[in-house]
Amino acid sequence: MFFVILLSLWSCREKTVNPNVNLTLEDFDSLSDKSLAMNSHRVRAYIRKLISEDSDSLNLDNRIKSYYDRGGDFLWINRHGIGYSGDTLVACLDSVDRMGMSRKKFRVEQIKADLHRMHALEFDDADNTINKVLARLEYNLTKGYLRYVSGQRFGFINPTWALNRIDTLTQNAYDEERWTDVHYRQLYDIKMEHSSKQFYRFAMHKVAVDSIDAFLHEVETDNPLYWQMKHRYNEGNLSVAEKRKLLINMERCRWRVADYPWKHKKYVLVNIPSMHLLAVDGDESLSMRVGLGTTKTKTPLLISHIKRMDINPKWILPRSIMIKSVLPRVGNRAFFERNHYFVKDKSKNERVPFEKVTRAMLLSGDYVVMQEGGEGNSLGRIIFRFDNNFSVFLHSTSNPNRTFSRSDREVSHGCVRVERPFDLAVFLLEKKDRSLIDKIGYSMSADISPAEERLRNNSDKDETEGDEDDEIKDTLQRDKLIYTIKLQPTVPLFILYFTVFPDKEGRLIEYDDIYGYDDVIWKQLLNFR
């Protein structure tokens, strides 16, 4: 028995003898597979080659090229190959076509093929060596990732740049200075967020700490209109033109502007292509037609707050109108009286007698031409004022039938003419005080022009004129006249441009691209199509 046990122990010892005790370094070399050897220097060399072959030249593309040219750290690959972030990203990029973007522009198929090669260790000696595959993955994943997160977070185009380089300003024949550079009319003046170096650094940090899963969802817009349009886009049975229009308006929804209508219970929204105004207060709404700027004097896009209402306002003529319409008629008293125009000295804040008005005076910039308030005033009987950089406002009109009876309502120099000004005034009031509402209605309909004329000449009236003034006071019921109403609180105002927009029932309706902005946006979006 002892002999059997001893024989067994000797047999186990023979089986566990190490056969590699005499191995040399040369023996280990024979065990390596050179096709699986990663070399960071070769990877960087191949990335530099990819950069030289990359013809994309958007600002973001140039940032990526610069990052790797300066030896930036690898984001996706490491000594073990590639991390899980690559698979997370490609799962997201796999659906870019559902938001109307080109899979090719986001390198989706190339990334998927190279990820498969890495996972299956399928390399060759031609274009798919391990270092070439790693280089392509590193570069293409970064390109696809930053394109996606930047586009979803801020929009794929910059409207501040694109829309403010459409209309060039021409030199006026009466101006002495001469411009050497091209000047553009500002059409888009909405505060918004833009991508920055800080954002790109933050996005890259998310890759480094392997936390891009939540980030890819965080960058998506919370604009409900975007998701409604995206759902419609993917329903099918749409024409090429319908899909294009939806994609353009989905892009508008991605822009991270300073404020949004759906964040407020009460607001006023003017959608330029629909030529309509929508005023919303909870479940109540008010809709009306509007007149807008012509294609030469476009109504600008902006967000503000309506602060006050002025009844029977005076109108300061824009310089362009003054030069075109008034300057050639200096000395024509009938023209000035018929249009209720007068000239005011800005420095002294006083009227200039008609006989002293000269062309040189009007060209100097120290004087303005104004129109009396009341019946016939170009602003109508009420104006709704809000802060903006264009001196445009919402207001009524002296000729509503001519403005609102037509389907093409591009009629103004930039202001928004409203169809139902009294209804809008009542809507804007926080408290619907009946006495105040009656005063607004009375002031908007009263014939104040004789009183204004009398007040203007009050300093040199005689006794007869005094009796007439008393009669005017009695006729006007001056205790019911009201001139300015401050709104507390102010009411958010949005002047926007959507060629696809919901109606009052929430159905998406298409509108004509009256200012041609869709074409401008589409040309920029083609960089991602």
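One numbering rule holds for all chains: residues counted from 1, following each sequence as written. With the structure being a predicted model, the display of local features is reserved for residues of pLDDT at least 70 and the display and counting of side-chain atom pairs for 80 or more, all residues being used for whole-chain, interface and lining totals. Where side-chain values are given, they derive from all heavy atoms of the structure, hydrogens and water being excluded.

Participant: Just checking my understanding: could you explain the overall build of the protein chain for this structure?
Facilitator: Across its full length, the protein chain holds 21 helices and 18 strands. The buried share of the protein chain, taken over its 529 residues, is 45%. Whether two residues are in contact is decided by their heavy atoms: any pair within 4.5 Å suffices. In the protein chain, the share of contacts with a sequence separation of at least 24, taken over all contacts with a separation of at least 6, comes to 71%. Total accessible area on the protein chain stands at roughly 29,100 Å², and carbon and sulfur atoms take up 49% of it. Numbering of helices and strands runs from the N terminus; a helix is a DSSP stretch of H or I covering at least four residues, while a strand is a stretch of E covering at least two. Categorising residues by exposure relies on relative accessible area from a 1.4 Å probe, with only protein chains included: less than 20% of the type maximum marks a residue as buried, more than 50% marks it as exposed, and the intermediate range marks it as partly exposed. Surface accessibility follows the Shrake-Rupley procedure with a 1.4 Å probe radius. Residue values consider only the protein chains on display as shielding.

Participant: Which parts of the structure should I look at to understand the pattern of salt bridges?
Facilitator: By salt bridge we mean one thing: a side-chain nitrogen of Lys or Arg within 4 Å of a carboxyl oxygen of Asp or Glu. This model, assessed by the stated rule, comprises 34 salt bridges. For D56, the salt bridge is made with K143, and the minimal N-O distance between the two is 3.3 Å. Placement of D56 in the loop between α3 (40-53) and α4 (59-69) and of K143 in helix α7 (residues 130-154) is noted, with a sequence separation of 87 residues between them. Taking relative accessible area as the criterion, D56 reaches 17% and is therefore assigned buried. In this structure, D310 and R385 form a salt bridge, with 2.6 Å as the shortest nitrogen-oxygen distance. Taken together, the residues span a long stretch of sequence, with D310 in strand β7 (residues 301-311) and R385 in strand β12 (residues 382-386) at a distance of 75 residues. Across the pair, R385 and D310 agree in class, each one buried.

Participant: What exactly am I supposed to notice about the packing of aromatic side chains here?
Facilitator: The description of an aromatic ring pair rests on the distance of the ring centres and on the angle between the ring planes. Here a Phe, Tyr or Trp ring, Trp counted by its six-membered ring, pairs with any other such ring whose centre lies within 6.5 Å, and the pair is stacked when the planes are under 30 degrees apart, edge-to-face when over 60, and tilted otherwise. Per the stated rule, a full pass over the model turns up 22 aromatic pairs. Ring centres of Y497 and Y515 lie 6.0 Å apart, and the angle between their planes is 25°; on these two criteria the pair is classed as stacked. One end of the pair, Y497, is in the loop between β16 (484-496) and β17 (500-502); the other, Y515, is in the loop between β18 (508-510) and α21 (517-525), and 18 residues separate them in sequence. Residues Y497 and Y515 agree in their burial class; the two are buried. Three or more aromatic residues joined by ring pairs form one cluster here, namely F154, F199, Y200, F202 and F215. Any Lys NZ or Arg CZ that is within 6 Å of a ring centre and within 35 degrees of that ring's normal is treated as a charge sitting over the ring. The aromatic ring of F427 is capped on one face by K266, whose charged end is 5.2 Å from the ring centroid.

Participant: What exactly am I supposed to notice about α3 here?
Facilitator: Because each turn of an α-helix spans 3.6 residues, side chains separated by three or four positions end up pointing in the same direction. Each helix should span, by expectation, one fewer than its residue count multiplied by 1.5 Å. Taking 1.5 Å of rise per residue, the 14 residues of α3 would be expected to cover 20 Å, and the 20 Å separating its terminal C-alpha atoms lies within 8% of that figure. Of the positions making up α3, those classed as buried are V43, I47, L50 and I51. For α3, the angular spread of buried residues about the axis comes to 100°, placing them on one side. Residues of α3 that are exposed and point over 90 degrees away from its buried face: H41, R42, S52 and E53. In this structure, the buried side of α3 is in contact with α4, β1 (77-78) and α7. For the purposes of these results, a polar contact is taken to be a pair of N or O atoms within 3.5 Å, where, inside protein, one atom must be able to donate a hydrogen and its partner to accept one; residues adjacent in sequence count only when each atom of the pair is a side-chain atom. The N-cap residue of α3 is N39: its side-chain oxygen and the backbone nitrogen of H41 are 2.9 Å apart. Here, the arc refers to the directions that run from the helix axis to the C-beta atoms.

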